[in-house]
2 protein chains.
Amino acid sequence: MKKLINDPKNVVSEAMEGFSQAHADHVRLNPNPLFLSRADAPRPGKVGLVSGGGSGHEPLHAGYVGVGMLDAAVPGPMFTSPTPEAIIPATLAANAGAGVVHIVKNYTGDVLNFETAAEMAQAEGVEVRTVLVNDDVAVEDSLYTAGRRGVAGTVLVEKIAGAAAERGDDLETVAAIGKRVNDNVRSMGVALSACTVPHAGVPSFELGEDEMEIGIGIHGEPGRHKVPMEDANGIAARLLEPVLADLAPQAGDKVLLFVNGMGGTPASELYIVYRQAAKLLAQADLVVARSLVGNYITALDMQGCSISVLRLDPEMTELWDAPVNTPALRWGM
Amino acid sequence: MKKLINDPKNVVSEAMEGFSQAHADHVRLNPNPLFLSRADAPRPGKVGLVSGGGSGHEPLHAGYVGVGMLDAAVPGPMFTSPTPEAIIPATLAANAGAGVVHIVKNYTGDVLNFETAAEMAQAEGVEVRTVLVNDDVAVEDSLYTAGRRGVAGTVLVEKIAGAAAERGDDLETVAAIGKRVNDNVRSMGVALSACTVPHAGVPSFELGEDEMEIGIGIHGEPGRHKVPMEDANGIAARLLEPVLADLAPQAGDKVLLFVNGMGGTPASELYIVYRQAAKLLAQADLVVARSLVGNYITALDMQGCSISVLRLDPEMTELWDAPVNTPALRWGM
């Protein structure tokens, strides 16, 4: 294992320290318990948005703290849920009097710890609603999950619900919009290589020189099956087919096409996958109205990508286009 | 070799096709000869900025086409200079009547081809000035270069000269500002792994399991020496020391600290390097006034990073902060 790290135990704390220094215009670091919150206090009466989860998926979630997206992010240890002891103060910090929405990827540990934190915050007088993200069509249950896993759709939920909160929507409305995004997005991923967790020091699974893992999770956990390598066009079709089968869009629907890199794959390859996915969507009489391509939710140094399709409606499109100013997603301001 | 590609011969054209579709709000693709230009025509009288070079360094250069940065980008074949036949029409497309600045990384092929293209464009009545970027302190000559190589400093030259052009500076002024950025920036990189060029199919060099290559170029070409792996803090010091020795800043100088990922390294590791580099700069009585961290100029899937330090003056700082709206760098609008 070769990594740009010091003691593997300190990867998350040192990375977040550097992150908060490099992005001091966006975020403030609370070192212990570890969470990040917006550098500018959200205005009184704005619904707060909090997300979090195991580290190793950067820029998720810390990269999305800022205007028009999250008010606080809670990075757990590598691929390990943050504890309620960190989620609670992050929730309190994000509260500006209008309550807080927790955006939670569907992993057993995350669900339990955010649930406990929500109860404790409510006991302190902060109303909390939870949006569970479970967009991965690959598997029903997994190593880490009861039900479908939350993967790349999380970024879209955070952006669109964040814009709703920023424009002044109330707690129930922001939570309902977040749920609507989750209901309308499906994702599926592929790995060409494993990732290596710093404190483990060895790749998290084995893949032969001519194999890929279809339906991979964002922790390198198994997906549907290992199959022989194919070209990018074949892979795009293989990922998109179950996404569309499950989403069941109508001809003429407008969609957002999101090709996400797992961390170790060059941008050029993501655009080659995007090209074919866009072509296949057009052939299915769908309109690619918005796009996102890049490393937005990763699995350390894993090579591979995921494809997500979000069925848009006019309000979601407007909220997607709304200004956002975070370290990892920024436009319109 | 496992990559998300189709025919290795078509990697660049397919990637740029997907790129131009995903970023149709920013760029237009000219497929043959291959170049990209701004989707919105620059206003009459604006100096045009054109850059280009071998592909494999994405998001450089296509990702920087847009308001406040480049007017056109010319991607050559993988790690191979674009020909004058592509640079000439890109130059003509970027000309809005006030001349064009070529931003050229110092590699022999790039220098020759941009020089030929500049002569041809001038023969067609377009004034061209050239800013040569040679910020890499690692080696004096290399496999691809007479003199120092142009590496990560290129991104800073494109941003700051682009802002000067956008505010309406004339041809000589924009070129002079670009040169001033190059004169004040130094870079040095490290590789933990090699990259694999698609049409080659095998890693471009060998590194032992406990080795790293110090002073690596952005094509995986040799640097200063192979040395045993160290921790991130040791690597940060090893990269920063020759940068500062060459730049020779004064105590109290304000600098921009740029930690660039080579493509295959997780964001968390880049922030760990940033953290230590910022600490070392503070110890040297330098003020880190601006920061940039991420994959901005890459070598395909190579693992590693570079550190660049730019000595700022008030005008460069103002131009750095100016609005920019490109696929890969965006703020203020």
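Residue-level pLDDT values for chain A average 96, and 99% of them are 70 or greater. Overall fold confidence (pTM) sits at 0.97, and the ipTM for the predicted complex is 0.97.

All names here are of chain A. Cis geometry is adopted by the peptide bond preceding Pro33, which originates at Asn32 and carries an omega value of 0°. For Pro33, the position within the fold is in the loop between strand E1 (27–31) and strand E2 (34–38). The step from Leu60 to His61 runs through a cis peptide bond, and the omega angle for that step is -10°. Tracing the backbone shows His61 in the loop between strand E3 (48–55) and strand E4 (72–78). With a phi close to 60°, Asp285 is a non-glycine residue in the positive phi region.

Next up on the list: the interface of chain B and chain A. Taken together, the contacts link 51 residues of chain B with 51 residues of chain A. Taken together, both faces of the contact between chain B and chain A bury some 4400 Å²; the carbon and sulfur share is 58%. Counting every contact that joins chain B to chain A gives six salt bridges. Close ionic contact of Lys3 of chain A with Glu269 of chain B constitutes a salt bridge, the shortest N to O distance being 3.7 Å. If you look at where chain B meets chain A, you find 24 residue pairs in polar contact (both at pLDDT 80 or more). Elements with a contribution of two residues or more to the side of chain B that touches chain A: helix H1 (11–22), helix H6 (232–247), helix H7 (267–283), strand E11 (287–294), strand E12 (304–311) and strand E14 (330–331) of chain B. Residue contributions to the side of chain B that touches chain A peak at nine residues, all from H7 of chain B.

Another aspect to go through is the sheet that holds strand E8 (residues 211–214) of chain A. All names here are of chain A. Strand order in the open sheet formed by six strands is E9-E8-E7-E12-E10-E11, and the pairing between neighbours is mixed. The strands lining the two open edges of the sheet, one partner per strand, are strand E9 (225–228) and strand E11 (287–294). If you compare each strand with its neighbour and ignore which way they point, the axes differ by 20° on average. Bridge count for strand E10 (residues 254–261) against E11 is seven bridges, and the pairing is parallel. Its bridge partner lying in E11, Lys254 is registered against Val287. Seen against the sheet, helix H6 (residues 232–247) touches strand E7 (185–191), E8, E9 and strand E12 (304–311) and runs at an angle of roughly 155° to E7. Strands in contact with helix H8 (residues 314–321) are E10, E11 and E12; relative to E11, the strand with the most contacts, it is inclined by about 35°.

Attention now goes to the domain arrangement of chain A. The figure often quoted for interface size is the accessible area lost as the parts come together. All names here are of chain A. Domain annotation of chain A identifies domain 1 (10–183) and domain 2 (185–312). On a C-alpha basis, the centroid separation for the pair domain 1 and domain 2 is 23 Å. With 30 residues of domain 1 in contact, the opposing surface of domain 2 contributes 33 residues. Buried surface at the junction of domain 1 and domain 2, both sides included, amounts to about 2500 Å², of which 66% is carbon and sulfur. When the buried surface of domain 1 facing domain 2 is broken down by residue, Phe79, Val137 and Leu156 rank first, second and third, together holding 23% of it. Inspection of the domain 1/domain 2 interface yields two salt bridges. Across the pair Arg148 and Asp246 runs a salt bridge whose closest N-O atoms are separated by 2.7 Å. Put simply, domain 1 and domain 2 have 18 residue pairs in polar contact (both at pLDDT 80 or more) between them.

For the rest of this paragraph, the subject is the packing of aromatic side chains. The tally for this structure, following the rule as stated, stands at six aromatic pairs over all chains. Aromatic pair Phe19 of chain A and Tyr271 of chain B: ring centres 5.1 Å apart, planes at 75°, arrangement edge-to-face. One end of the pair, Phe19 of chain A, is in helix H1 (residues 11–22); the other, Tyr271 of chain B, is in helix H7, on a second chain. For the pair formed by Phe19 of chain A and Tyr271 of chain B, the shared burial category is buried.

Turning next to the pairing of E8 of chain A. Residues and elements named next belong to chain A. With two bridges joining them, E7 and E8 adopt antiparallel strand pairing. Within E8, the residue paired with Ala191 across the bridge is Glu213. Note: E8 against E9, four bridges, orientation antiparallel. Considered in E9, the bridge of Met212 is made with Val227.

Superposition of the two copies of the chain requires a rotation about an axis and a shift along the axis. Here chain B sits on chain A after a turn of 180° about the axis and a move of 0.0 Å along it, with an RMSD of 0.0 Å. Interpreted geometrically, this transformation is the action of a two-fold axis. An overlap of 100% is found between the interface residues of chain B and their copies at the interface of chain A, pointing to a shared contact surface.

This part covers the packing of H1 of chain A against H7 of chain B. Interhelical geometry of H1 of chain A versus H7 of chain B gives an angle of 65° and a closest axis separation of 7 Å. Taken together, the axes of H1 of chain A and H7 of chain B lie roughly perpendicular to each other. In this structure, H1 of chain A crosses over H7 of chain B, and the sense of that crossing is left-handed. Contacts between H1 of chain A and H7 of chain B involve Val11, Glu14, Ala15, Glu17, Gly18, Phe19, Gln21 and Ala22 of chain A from the former and Ser268, Tyr271, Ile272, Tyr274, Arg275 and Ala278 of chain B from the latter. Grouping the amino acids of the contact of H1 of chain A with H7 of chain B by side-chain chemistry returns eight nonpolar, three polar and three charged.

Here we come to the sheet that holds strand E6 (residues 128–133) of chain A. All names here are of chain A. Strand order across the open sheet formed by six strands is E1-E2-E4-E3-E5-E6, with mixed pairing between neighbours. Looking at the sheet topology across the chains shown, the edges are occupied by E1 and E6. Along the sheet, successive strands turn relative to each other by an average axial angle of 20°, direction set aside. Pairing between strand E5 (residues 100–105) and E6: six bridges, direction parallel. Directly across from Val104, in E6, lies its bridge partner Leu132. Together, E1, E2, E3 and E4 form the strand contacts of H1, whose direction differs from that of E4 by roughly 150°.

A few words on H6 of chain B. Over its 16 residues, H6 of chain B runs 22 Å from end to end, which matches the ideal 22 Å to within 8%, given 1.5 Å per residue. Following H6 of chain B by one or two positions, Ala248 of chain B has its phi on the positive side, about 50°.

A few words now on the state of the cysteines. All names here are of chain A. Counted by the stated rule, this structure contains zero disulfides over all chains. With no disulfide partner, Cys195 has as its closest neighbouring cysteine sulfur the one in Cys305, 15 Å distant. On the accessibility criterion, Cys195 (0% relative accessible area) is buried.

Let us look at the environment of Ala41 of chain B. On the secondary structure map, Ala41 of chain B appears in the loop between strand E2 (35–38) and strand E3 (48–55). Sequence separation between Ala41 of chain B and Glu58 of chain B is 17 residues; the distance between their C-alpha atoms is 23 Å.

Let us now look at the environment of Asp170 of chain A. Residues and elements named next belong to chain A. Among the secondary structure elements, Asp170 is positioned in the loop between helix H4 (153–166) and helix H5 (171–183). Asp170 gets classed as partly exposed once you look at its relative accessible area, which sits at 46%. C-alpha of Asp170 to C-alpha of Gly99: the two residues are 71 residues apart in sequence and 8.5 Å apart in space.

About the thresholds
Residues numbered from 1 in each chain as written. Chains lettered and ligands numbered in written order. Predicted model: local features only at pLDDT ≥ 70, side-chain atom pairs only at ≥ 80, totals over all residues. Heavy atoms only, no water. pLDDT = per-residue confidence, 0-100. Helix = DSSP H or I, 4+ residues; strand = E, 2+ residues; numbered from the N terminus. Contact = heavy atoms within 4.5 Å. Buried area = accessible area lost by both parts, 1.4 Å probe. Salt bridge = Lys/Arg side-chain N within 4 Å of Asp/Glu carboxyl O. Polar contact = N/O pair within 3.5 Å; in protein donor to acceptor, adjacent residues only side chain to side chain. Pairing = 2+ DSSP bridges. Axes fitted to C-alpha atoms, helices over the stretch in contact; angles between N-to-C directions. Domains from an automatic or database assignment. Phe/Tyr/Trp six-rings, centres within 6.5 Å; stacked < 30°, edge-to-face > 60°. Buried < 20%, exposed > 50% of the residue type's maximum accessible area, 1.4 Å probe, protein only. Least-squares fit on C-alpha atoms with pLDDT ≥ 70 in both. Parallel < 35°, antiparallel > 145°, perpendicular 65-115°, else oblique. Left-handed = near helix turned anticlockwise from the far one by under 90°. Nonpolar A, V, L, I, M, F, W, Y, C, P; charged D, E, K, R; others polar. Expected span 1.5 Å × (residues − 1). Disulfide = S-S within 2.5 Å.

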